[in-house]
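# Results of the structural survey
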Amino acid sequence: MKRWLKISLKVIGGLLLLLVLIWVGAAYYINKNNKAILAKILDQVNTKVNGKVRVSHMETTLLKGFPGVSVSLKNVSLQDSLWHVHKHDLLKAKDIDVTLNALSLLVGTINIRKVAINNASMYLYTDSNGYSNTSMFRTKDQKKAAESEGSSNALQIRIIDLNKVDLVIDNQKRFKLFSFFVDELKGKIKYPANRWDGDFKLKTQVRSFAFNTRKGSFLKDKSLSGNMRAHYDDQGEVIIIDQKPLKIGDDIFHIGANINIAENKSAFSIAIKADHILYPNIAGLLAPNISSKLLKFGIEKPIDVTGSIIDDGDKSHKDPLINAKMTVKDNKVSIPSGDLTDCSFIGFFSNRDTASRPIGDPNSIIRFYGLKANYYNAPIRVDTFTVSNLEKPLAQGLVTSSFELAKLNNSFEEESFKFEKGTADLRLFCQADIDNFLFTKPVIHGKVMIKNADISYLPRNLKLVNSSLDLNFNQKDLNITNSRFQLGRSILNMNCSIENFLNFYYTDPEKIEVNVNLSSLHLYLSEFLPLLGPRKAKRKKASTKNAIKEASEQLSTALEMSKMHLKLKVDRAVYQKFVAHRVNADISLIGNGVYFNKIGVQHAGGQVNVSGKIEQMGAVNSMRFNANIAKVSVKEFFYAFDNFGQQSVTNKNLKGFLSANVNASGNVTSKGNMVPKSMFGKVNFTLDKAALVGFEPLEKVGKFIFRSRNLSNVQLEKLNGTLTLRGDKVDISPMKINSTALNFDVKGVYGFNSGTNIALDIPLRDPKKSADIVDKEERELARMKGIVLHLKAVDENGEIKIRWNKKKDRE
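Residues numbered from 1 in each chain as written. Predicted model: local features only at pLDDT ≥ 70, side-chain atom pairs only at ≥ 80, totals over all residues. Heavy atoms only, no water.

Looking only at helices and strands, the chain has 13 helices and 40 strands in total. Counting every position in the chain, which comprises 811 residues, the buried fraction comes to 43%. A separation of at least 24 residues holds for 53% of the contacts in the chain among residues at least 6 apart in sequence. Put simply, the chain shows about 43200 Å² of open surface, and 55% of that area lies on carbon and sulfur atoms. (Helix = DSSP H or I, 4+ residues; strand = E, 2+ residues; numbered from the N terminus. Buried < 20%, exposed > 50% of the residue type's maximum accessible area, 1.4 Å probe, protein only. Contact = heavy atoms within 4.5 Å. Areas by Shrake-Rupley, 256 points an atom, 1.4 Å probe, with all protein chains shown as cover.)

Okay, here's the thing in structure tokens:
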């Protein structure tokens, strides 16, 4: 062995031996001076506190602190001067291990190198008046404390080791409660001038992290672990924790903090940053009053978040200032009204939107910037969207989109609307209250343009093709312009105004009044018959929480319940055999009623004005109407209305011009056909320049008598009469009929199918013999001179028979 190595080993061995001797000597010294050393330790501590520090006894534990000398303080308690009032020990520990510097003992001083606290509880208490039991660390004797700071006896703990420690910070004045179970806290501390720097390893369970105990705890029951670096400035009395990675649960967060521990101060700030973290994990860290709202939303893939919690120590603030930023890219976001796919945005939250107002929900705001997403297959863009006043949330933002309508089909109720083609472009500024996370009381300003659309409205079995319209929202009102609707061969141009549309849309759709102006060159009324039918019954379904489906159902409900007033101008309208020109109509759709306020048409060379109502009841609808008919061709008129449901007097039997007033009621099918035997009412009519051609009852009379006269083509003078409609029968009021073939009086009942009983008083005198009598009264008297036949037309087994009308029957 080389000489230098031998010398080195001897030197090292000597040093080790010296160290052991010193350590043994120190241990012996402690053991012999146990009470004196304990007194010195307590003396150092008591220079720092304003209260009582109690230790039952001290034991020497040689091996724990080698090369230092360790002692174990048993049953340690720290109580401030007002402990008798609040009863909270600042520290209560069964065992505190203190490692002393062995060399300092040899020169008669106490230098604490390490403190290990085991199985202890620490309770930092602040009462409702602002008094804190940590004030016991405010030195009673400032001069003594200053001397102690500059001496070798200064209390400078180099190593801290906490195990199984309950730590509670309870601030009754600020309603704050921070409670931790510290499984492990190990730290090394250095003491440069007027400060200390420490590195710590932490493993703890968060029981409460409540900035406002009335709103619940953040980080509730979460584990917190990792390494921290902290600094303390004596002059500023601020603890600074560097932003380092810490593990909360299974997620890594970068957390830093500044904590002001000066007297009468409680200011702090916490900075938090997390990359690529799942949204539910973030929401689960927050207080219940926040997380319960956030968890109604969902974000599928991890996101990036940054945030800060700041309490400036202003005692007028009940809550700390919270700011947060969220970055979402190409994600799926679930909201109560549906899903936003391929969603990207930057979101900001603050609970102090306006600096001059107090922190809290009423002054909170959420802002979304650059939001892009597909909402029910429709791409939407929102430059800026805000939700303010989270106590009574108000949302607003500018939404733009352009998409093919067919993309909405999977989102609509299959029993409401269906799109086959067409495009929609929208630019809307929206503002709405948020009630239970759904938009209510919306105010909308902007435009929606729909072009070249094929739309089926399934509840009414209506299909619009190649249709376009512009929806103009003016806050509460809706105006529809540039509208073209094609229903089959019918093409309509429409302008529509709806006042207070959005006021009533959700709450009182029956109060919506729609004013519609329609015009068309050609209208085929049979294509509109679905409006007469009932809504298709809808199956009850469980709520899908699908906003588009709910919106379609709400729109369908609004369309059915609103009051619609239509003003229609049509050059030519056709319904089956009926053809009208220059149609002017004023129609209202209210509830289950279709009201014909005023309809004027030119038909069969004359004018027809109609008013009335159809009450929708199902397959068969009730109808009431008043009609004024002026100088229409009776032949065309009967043809157009299919002879009013009877086949006895048809358009083939009639010539001339008809004027009439009709007041009647009846039933009409959902397909627009009159229900036989359903008409009741009264008809006052005038026939001018009329002829009765091929009328069966007269022809049968002609076979019986007057064979020389032409009863197959009877030319009538102007005829006034009254008919009373009674289902399948018509009561004929007494009429005097003067014609070219014969004169006769008629009255009785005509049955469409049975029950005919018509009295005919027919003078045999040829009407031509009275034609030269100028005086009207004289001609009337001459009319019934001579032989008068009293006949009656009766129904027998479905056929009309002519019988004598005996005197006793006439009387």
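All told, the structure shown has 20 salt bridges when counted by the stated rule. Residues R195 and D197 are paired through a salt bridge, measuring 2.6 Å at the closest nitrogen-oxygen approach. By relative accessible area, R195 is classed as partly exposed at 34%. The shortest N-O distance in the salt bridge between D745 and R783 comes to 2.9 Å. Residue D745 is found in strand 37 (residues 743-751), and its partner R783 is found in helix 12 (residues 776-783); the two are separated by 38 residues along the sequence. With respect to burial, D745 and R783 carry one shared label: buried. Shared partners join several salt bridges into a network, and the residues in it are D161, E184 and K186. (Salt bridge = Lys/Arg side-chain N within 4 Å of Asp/Glu carboxyl O.)

One non-glycine residue with positive phi stands out, namely K677, at about 65°. Residue position: K677 is located in the loop between strand 32 (654-669) and strand 33 (680-693).

Further remarks concern the packing of aromatic side chains. For the structure shown, the criterion picks out 12 aromatic pairs. With centroids separated by 6.4 Å and ring planes inclined at 45°, the aromatic side chains of Y123 and Y125 adopt a geometry described as tilted. Both rings, one in F178 and one in F211, keep their centres 5.5 Å apart while their planes meet at 75°; by these two values the pair is edge-to-face. Within this pair, whereas F178 is found in strand 7 (residues 176-190), its partner F211 is found in strand 8 (residues 195-212), the two being separated by 33 residues in sequence. Taken individually, F178 and F211 each receive the classification buried, so the pair is uniform in this respect. Ring pairs connect the aromatic residues F178, F180, F209, F211, F218 and F268, which therefore count as one cluster. The positively charged end of R214 is found above the aromatic ring belonging to F175, 3.9 Å away from the centroid. Taking NZ or CZ as reference, R489 lies 3.8 Å from the ring centre of Y524, over its face. (Phe/Tyr/Trp six-rings, centres within 6.5 Å; stacked < 30°, edge-to-face > 60°. Lys NZ or Arg CZ within 6 Å of the ring centre and 35° of its normal.)

If a probe as big as a water molecule is rolled over the atoms, it shows which places are left empty. One number sums up the size of the second largest pocket: a volume of about 290 Å³. Lining of the second largest pocket is provided by E717, N738, S739, N743, P767, S770, A771, K776, R779, E780 and R783. Looking at which element gives the most residues to the lining of the second largest pocket, the answer is helix 12, with 4 residues. For the lining of the second largest pocket, a count of residues per class yields 2 nonpolar, 4 polar and 5 charged. (1 Å grid on protein atoms, 1.4 Å probe; cavity = no way out; pocket = protein on both sides within 12 Å on 5 of 7 lines; lining within 4 Å. Points joined across faces, edges and corners; volume = space filled by probe spheres on them. Nonpolar A, V, L, I, M, F, W, Y, C, P; charged D, E, K, R; others polar.)

Relative to the helices and strands, D728 resides in the loop between strand 35 (719-726) and strand 36 (729-738). Linking D728 and K677, residues 51 residues apart in sequence, is a C-alpha distance of 4.1 Å. When near neighbours in sequence (up to four residues on either side) are disregarded, D728 contacts K677, Y750, G751, F752 and N753. Side chain to side chain, D728 and K729 meet in a polar contact 3.4 Å long. (Polar contact = N/O pair within 3.5 Å; in protein donor to acceptor, adjacent residues only side chain to side chain.)

Next up on the list: a nonpolar patch on the surface. Judged by side-chain polarity, I346, F348 and Y369 come together as a nonpolar surface patch covering roughly 240 Å² of accessible area. Note that I346 resides in strand 17 (residues 338-350). (Patch = residues over 30% accessible without salt bridge, like charges linked within 9 Å, V, L, I, M, F, W, Y side chains within 5 Å.)

Moving on, we get to the pairing of strand 33. Across 11 bridges, the pairing between strand 32 and strand 33 is antiparallel. Across the sheet, S659 pairs through a bridge with T686, a residue of strand 33. Across 8 bridges, strand 33 lies against strand 35 in antiparallel orientation. Among the inter-strand pairings, K682 is bridged to a residue of strand 35, identified as T724. (Pairing = 2+ DSSP bridges.)

Our next topic: the environment of G397. Structurally, G397 can be placed in strand 20 (residues 394-404). You can call G397 buried: its relative accessible area is 3%. The spacing of G397 and L428 is 31 residues in sequence and 8.3 Å in space, taken between C-alpha atoms. Sequence-distant contacts of G397, that is, excluding residues within four places in its chain, are made with T384, F385, L428, F429 and C430.

Moving on, we get to the pairing of strand 37. Within strand 37, 7 of the 9 residues are buried, which leaves the element mostly enclosed by the surrounding structure. Pairing analysis gives 8 bridges linking strand 36 to strand 37, with the strands arranged antiparallel. When the sheet's bridge partners are listed, I737 is paired in strand 37 with F744. As paired strands, strand 37 and strand 38 (residues 757-763) are joined by 5 bridges and run antiparallel to one another.

This part takes up the environment of M617. The topology assignment puts M617 in the loop between strand 30 (606-615) and strand 31 (620-633). Here the alpha-carbon distance between M617 and S670, two residues 53 residues apart in the chain, equals 9.2 Å.

All right, on to the side chain of S217 then. Examined against the element boundaries, S217 turns out to sit in strand 9 (residues 216-218). Within the structure, S217 has its side chain in polar contact with the backbone nitrogen of F209 (distance 2.7 Å). Not counting residues within four places of it along the chain, the set of residues in contact with S217 comprises R207, S208, F209, A210, L286, A287 and P288.

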